[in-house]
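# Results of the structural survey
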Amino acid sequence: PALVGAGVFGIQEDPALPKDVFAMILGLFGLLGSTIVLPEKKFNAFMALVGCGPAYVFHFMDALAEAGVTMGFTRQEALELVTQLVLGSAKLAALPGSHPAILREQVCSPAGVTIAAVNHLDRTAVRGHLIDAVLAAYAKS
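Now for a description of the structure that goes with this document. Note that the structure is a prediction, hence the values are computed from the model and not measured.

## Quick notes on unusual backbone geometry
One can expect most non-glycine residues to show negative phi and most peptide bonds to be in trans. Its identity is not glycine, yet A111 carries a phi of approximately 60°, on the positive side. Tracing the backbone shows A111 in the loop between α5 (100-107) and α6 (113-123). Phi angles above zero are rare outside glycine, and A125 is one such case at about 60°. Structurally, A125 is set in the loop between α6 and α7 (126-140).

Now the structure itself:
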């Protein structure tokens, strides 16, 4: 994500560092995406969630694209569709006041196709597996 100006960086402020130097460092990292100032005790959690995060997203995208290929899309078509899906979903989730759970509820019509798919994800513990993956990375860091 940093390669396209959309990285997320955790930085710890050093009290010995002059404030203007720290502001310059934040500005430099800001050119590559967004920054968050964190205490040292949260760096391993940050690494497990955000540092490893692109791999989680790419893994998810690859699985969706594979399903698309299985249903008859060319690999290129499937990848383009999934990429746009993720971009649009991320933009929507970034809107002020948005929350992923509420957005998910809004696209699940009663007795519809989407709720059937989400119920399958829930029955097969996909959410739990995602949480476990992040916690496994946290334990390793």
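## Some words on a nonpolar patch on the surface
A cluster of nonpolar side chains, M24, L28, F29, L31 and L32, forms an exposed patch at the surface whose accessible area comes to about 490 Å². Tracing the chain through its elements places L32 in the loop between α1 (19-30) and β2 (33-37). The class of L32 is partly exposed, set by a relative accessible area of 36%.

## Some thoughts on the packing of helix α2 (residues 43-51) against α7
Axis separation between α2 and α7 bottoms out at 8 Å; the angle between their running directions is 140°. With respect to each other, α2 and α7 are oriented oblique. Note that α2 runs across α7; the crossing there is right-handed. Contacts from N44, A45, A48 and L49 of α2 reach α7 at V134, A137 and Y138. A per-class count over the contact of α2 with α7 returns six nonpolar, one polar and no charged.

## A short note on the pairing of β2
In terms of strand pairing, strand β1 (residues 7-11) meets β2 through five bridges, oriented parallel. Bridging from a neighbouring strand, F9 pairs with T35 of β2. After leaving β1, the chain enters α1 and then returns to the sheet as β2, a path that is right-handed.

## With respect to the packing of aromatic side chains
In total, this model carries one aromatic pair according to the counting rule given. Here F9 and F29 contribute two aromatic rings whose centre-to-centre distance is 5.1 Å and whose plane-to-plane angle is 55°, an arrangement assigned as tilted. Taken together, the positions of F9 in strand β1 and F29 in helix α1 put the pair 20 residues apart, joining distant regions of the chain. The exposure class of F9 is buried, given its relative accessible area of 18%. A residue is classified by how much of its surface remains accessible, and F29, at 31% relative accessible area, is partly exposed.

Parameters at a glance
Residues numbered from 1 in each chain as written. Predicted model: local features only at pLDDT ≥ 70, side-chain atom pairs only at ≥ 80, totals over all residues. Heavy atoms only, no water. Helix = DSSP H or I, 4+ residues; strand = E, 2+ residues; numbered from the N terminus. Patch = residues over 30% accessible without salt bridge, like charges linked within 9 Å, V, L, I, M, F, W, Y side chains within 5 Å. Areas by Shrake-Rupley, 256 points an atom, 1.4 Å probe, with all protein chains shown as cover. Salt bridge = Lys/Arg side-chain N within 4 Å of Asp/Glu carboxyl O. Buried < 20%, exposed > 50% of the residue type's maximum accessible area, 1.4 Å probe, protein only. Axes fitted to C-alpha atoms, helices over the stretch in contact; angles between N-to-C directions. Parallel < 35°, antiparallel > 145°, perpendicular 65-115°, else oblique. Left-handed = near helix turned anticlockwise from the far one by under 90°. Contact = heavy atoms within 4.5 Å. Nonpolar A, V, L, I, M, F, W, Y, C, P; charged D, E, K, R; others polar. Pairing = 2+ DSSP bridges. Right-handed = clockwise from strand over helix to strand, strands pointing away. Phe/Tyr/Trp six-rings, centres within 6.5 Å; stacked < 30°, edge-to-face > 60°.

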